[in-house]
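# Residue-level structural notes
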Amino acid sequence: MQAARALPAFGRGLAPLGDPLICRTSDSGEQAKGPPRHIRFAYNGTGICTAAVPVALHRGYFARYNIDVEFLQLAGNTDQMLQALATDKADAGSSMLLNWLKPLEQGIDVKLTTGLHGGCTRLFAAKESSVKDIKSLKGKTIGVSSISGPPRNFFAILLSDNGLDPQTDVQWREFPADLLLVALQRGEVDAIADSDPNAWLTERRGNGSIVEIASNLSGDYADLSCCTLGVRSSLWAADPAAVAALTHAIRDAAHHVAEQPDDAAEVFSKYTPKVAVADLAAVLRSHTHSHHPAGEALRREVVKITGDLKRASIIKPGTDPVKLARRVVVDIAA
């Protein structure tokens, strides 16, 4: 049985990297009987936040749950992934929760099954600058790689939490991710925000000249999810067992990432060959890959984050966070 197919960009039929290292099993019981369930997984292979996905492929978790996963390469953003799920071009996908909630509010028909981890979004300022904390950003300019991306959305929340209006008390400027550090060093912006692995590597490239002011492990977010797993609603309606199997496989793989970050980094390095394995492992250690809530626990997190996005003027004032969470989060254990 072929447990999964590799991303086209990295060679279909890529052999698994060594023997499966199953470090834990979920409470979902034995492997499903019968032919493997085929799942089309939208995956761009660049975000270390979703390292659990290739780990599930290369360390045998999909095979254990009798899932035949085909990776569909998407070069675009989260909106493209969600559109692929909503239009039956893909069955599942994973990326940052902050980027899912606005399209879900607007009616994209996708269900969330689990969180994957916390952490991976960081805010930096020059070490010698006057920016020492979130409050000192008033009147300053923040560089981001996307005005609608998760770093901008998250730090808009932190600004709001600290009494600043993210629309009027700061300015946001967009730069290519690899030029954010240059913009900060040239004084074109006062702070920069980005996601890993680029955020972590940017700090390394700064050689001590920049400092981390905050991250999405700050405050209340230390115990919340950064990334999520979603499936097309029609798959959930037609085959909840397949969705549960996929979710358990990836949650087991996330636990593997938490317990064996060096091995997980080795797996992920095949998708990001320009970054040293030791650096990837350090990034993974800085995240909370043992945190992967599902069911009611995930609903509570969605309620919290949706409410925060409302306060930051990203989610509409009339949206009910509880109703949204009940609509979009499904319970694989029900």
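Data block above holds the structure.
Read on for an overview of the structure.

Reading the values: rules and limits
- Residues numbered from 1 in each chain as written.
- Predicted model: local features only at pLDDT ≥ 70, side-chain atom pairs only at ≥ 80, totals over all residues.
- Heavy atoms only, no water.
- Helix = DSSP H or I, 4+ residues; strand = E, 2+ residues; numbered from the N terminus.
- Buried < 20%, exposed > 50% of the residue type's maximum accessible area, 1.4 Å probe, protein only.
- Contact = heavy atoms within 4.5 Å.
- Areas by Shrake-Rupley, 256 points an atom, 1.4 Å probe, with all protein chains shown as cover.
- Salt bridge = Lys/Arg side-chain N within 4 Å of Asp/Glu carboxyl O.
- Arc of directions from axis to C-beta.
- Polar contact = N/O pair within 3.5 Å; in protein donor to acceptor, adjacent residues only side chain to side chain.
- 1 Å grid on protein atoms, 1.4 Å probe; cavity = no way out; pocket = protein on both sides within 12 Å on 5 of 7 lines; lining within 4 Å.
- Points joined across faces, edges and corners; volume = space filled by probe spheres on them.
- Nonpolar A, V, L, I, M, F, W, Y, C, P; charged D, E, K, R; others polar.

## Some remarks on the overall build of the protein chain
In terms of regular secondary structure, the protein chain is built from 13 helices and eleven strands. Burial status across the protein chain gives 56% buried among its 334 residues. Look at the contacts in the protein chain between residues 6 or more apart in sequence, and 81% of them connect residues 24 or more apart. For the protein chain, the accessible surface area stands at approximately 13,500 Å², while carbon and sulfur atoms represent 49% of it.

## Let's talk about the pattern of salt bridges
One pass over the structure, following the stated rule, counts 18 salt bridges. For D308, the salt bridge identified is with K304, shortest N-O distance 3.2 Å. Residue D308 and its partner K304 are located together in helix α12 (residues 295–311), separated by four residues, close to a single helical turn. Overall, D308 belongs to the buried group, its relative accessible area being 4%. Taken together, the salt bridges that share partners define one network made up of D161, D220, K304, D308 and R311.

## Examining helix α13 (residues 321–328)
Those residues of α13 lying buried are P321, L324, A325 and V328. For α13, the angular spread of the buried residues around the axis is 100 degrees, confining them to a single face. The outward face of α13, more than 90 degrees from its buried face, is lined by the exposed residues K323 and R326. For α13, the N-terminal capping position is held by D320, with its side-chain oxygen 2.9 Å away from the main-chain nitrogen of V322.

## A few points about the layout of surface pockets
Reported here for the largest pocket is a volume of approximately 950 Å³. As for the largest pocket, its lining consists of 39 residues, and the residues nearest its centre are N77, T78, M96, N99 and P150. Every element with two or more residues in the lining of the largest pocket is listed here: α3 (78–86), β4 (92–96), α4 (97–105), α5 (150–161) and β9 (191–195). Within the lining of the largest pocket, the residues separate by chemical class into 15 nonpolar, 19 polar and five charged.

## A short note on unusual backbone geometry
Between D196 and the following residue, P197, the backbone shows a cis peptide bond with an omega angle of 5 degrees. Residue position: P197 is located in the loop between β9 and α7 (198–205). Phi is positive for C120, close to 120 degrees, though the residue is something other than glycine. Mapped onto the elements of the fold, C120 is located in the loop between β5 (110–117) and β6 (121–126). Owing to a relative accessible area of 3%, C120 belongs among the buried residues under this scheme. Backbone geometry places S313, a non-glycine residue, at a positive phi of 65 degrees. Looking at the secondary structure, you find S313 in the loop between α12 and α13. Judged by its relative accessible area of 51%, S313 falls in the exposed class.

Keep in mind these values describe shape, not function.
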